[in-house]
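Residues per chain, in single letters:
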Amino acid sequence: MSWDLAHVSLIGAVLVAVPLLYAALGELITERVGVMNIGIEGVMSVGAAAGFIAAVKSHDPAVGLLVGTAVGGLFTLVFFALPVLVFRTSEILVGFAVWFIGLGASAQFGQSYAQEPLKAEIPTLKIPLLGAIPGIGDILFAQPWPYYAAVLMAVAVWFLLTHTAHGLNLRGVGDDPAASYGSGVPVLRWQLVYVSLGGALMGLGGAVVSVVLTQHWQSGLIAGRGWIALALVIFVGWRPLGLLWATYLFGILLTLEHVGQAEDWAIPAPILAMPPYLATVAILIVRGRRGHRLAPAALGTSFLRGGR
């Protein structure tokens, strides 16, 4: 492989990692308050469709990203957070429902925009001095602003959870909601807030796919990224900063298909598309067996689901 192709591929891999980072951060803060949302794929699909439609109508990609974020949060609140946290419905069953509802709703509302071009794009922002570093400058410091915002978001979530009293309370909600409730922490309120915020980040991740990466809409656009995001949270042991390198690793895996086509590898394109999904299954099998020690202790429990 030539250096030029490798260089371009690494630039693309960093950008491909951005929606994974947003979605995984959304799932991480959701699970940190003791709730697992397996419907990430559906939330991302809704965010992608809503974001693309808004970007086309407003001729402003930033508006599309904002709308995708808002719709993702609202969709999660209505179809997941309220049924699970207030009405005590199984979060696994509701998660699957959110997955299918999101796929169906996005396909229905986005179908008339499948042929619409997005005529505006988010420009590349090159960081002075850092962008001039040989080898890595163009890869890490010359990207659209959603990339930098995602990195800052990961740092902010890490700081919140590990260096603030509020973050300690949130971790307490995920580890021992009974004790948190007994000490006066409004468990249900914070679960509703952070599950919805997690959905907003998932919606933003979906909007980045349609508005920044592909600049078009089609049914099935998310293509399993939601499941990859779910596996990544387990893979890094629920650590926000770990997602920075893990999502970029999967970004490289997701670009293998394009590299193989460019290099004319004697490997069918469908085979080259398989590694990220095979890695996802492997993570869930291997890490899932021993990852329970790192997971929030009360993840998936039903305490305080009635708002007591």
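Residues numbered from 1 in each chain as written. Predicted model: local features only at pLDDT ≥ 70, side-chain atom pairs only at ≥ 80, totals over all residues. Heavy atoms only, no water.

Two elements in contact, helix α6 (residues 145-163) and helix α7 (residues 165-175), have axes separated by 5 Å at closest approach and are oriented at 80°. The angle between α6 and α7 falls in the class roughly perpendicular. Across from Leu160, Leu161 and Thr162 in α6, the residues of α7 making contact are His166, Gly167, Leu168, Leu170 and Arg171. Taken together, the residues of the contact of α6 with α7 break down into 4 nonpolar, 3 polar and 1 charged. (Axes fitted to C-alpha atoms, helices over the stretch in contact; angles between N-to-C directions. Helix = DSSP H or I, 4+ residues; strand = E, 2+ residues; numbered from the N terminus. Parallel < 35°, antiparallel > 145°, perpendicular 65-115°, else oblique. Contact = heavy atoms within 4.5 Å. Nonpolar A, V, L, I, M, F, W, Y, C, P; charged D, E, K, R; others polar.)

Okay, the packing of aromatic side chains next. Per the stated rule, a full pass over the model turns up 9 aromatic pairs. Relative to Phe79, the ring of Phe75 lies with its centre 4.9 Å away and its plane at 40°, an arrangement referred to as tilted. Highlighted residues: Phe75 and Phe79, both in helix α3 (residues 61-86), separated by 4 residues, approximately one helical turn. For Phe75, a relative accessible area of 8% corresponds to the buried category. Through successive ring pairs, a cluster of aromatic residues spans Phe96, Trp99, Phe100 and Trp227. (Phe/Tyr/Trp six-rings, centres within 6.5 Å; stacked < 30°, edge-to-face > 60°. Buried < 20%, exposed > 50% of the residue type's maximum accessible area, 1.4 Å probe, protein only.)

With that settled, the discussion passes to the packing of α3 against helix α4 (residues 91-110). One way to put it is that α3 packs onto α4 with a least axis distance of 9 Å and a crossing angle of 160°. With respect to α4, the element α3 is oriented roughly antiparallel. Seen from above, α3 lies across α4 with right-handed handedness. Seen from α3, the contacting residues are Phe75, Phe79, Phe80, Pro83 and Val84; seen from α4, they are Glu91, Val94, Gly95, Val98, Ile101 and Gly102. (Left-handed = near helix turned anticlockwise from the far one by under 90°.)

For the rest of this paragraph, the subject is the side chain of Glu41. Looking at the element boundaries, Glu41 is found in helix α2 (residues 40-58). Despite its burial, Glu41 pairs with no opposite charge, the nearest such side chain being Arg225 at 7.3 Å. Here the side chain of Glu41 touches Gly226 through a polar contact of 2.8 Å, landing on its backbone nitrogen. Those residues in contact with Glu41 that lie beyond four places of it in its chain are Trp99, Leu103, Ile222, Ala223, Gly224, Arg225, Gly226 and Trp227. (Lys, Arg positive; Asp, Glu negative; His and termini not counted. Salt bridge = Lys/Arg side-chain N within 4 Å of Asp/Glu carboxyl O. Polar contact = N/O pair within 3.5 Å; in protein donor to acceptor, adjacent residues only side chain to side chain.)

The residue Thr255 is located in helix α11 (residues 242-263) in this model. Residue contacts for Thr255: discarding those within four places in its chain leaves Ser9, Gly12, Ala13 and Val16.

Right, let's get into a nonpolar patch on the surface. Residues Leu74, Val78, Phe79 and Ile101 make up a contiguous nonpolar surface patch of about 340 Å² in total accessible area. Element by element, the count of residues in the nonpolar patch is highest for α3, at 3 residues. Mapped onto the fold, Ile101 is located in helix α4. (Patch = residues over 30% accessible without salt bridge, like charges linked within 9 Å, V, L, I, M, F, W, Y side chains within 5 Å. Areas by Shrake-Rupley, 256 points an atom, 1.4 Å probe, with all protein chains shown as cover.)

For α2, with 19 residues, the first-to-last C-alpha span of 26 Å sits near the 27 Å given by 1.5 Å per residue. The element α2 is extensively covered by neighbouring structure, given that 17 of its 19 residues are classed as buried. Backbone geometry just after α2 places His59 at a positive phi near 60°. (Expected span 1.5 Å × (residues − 1).)

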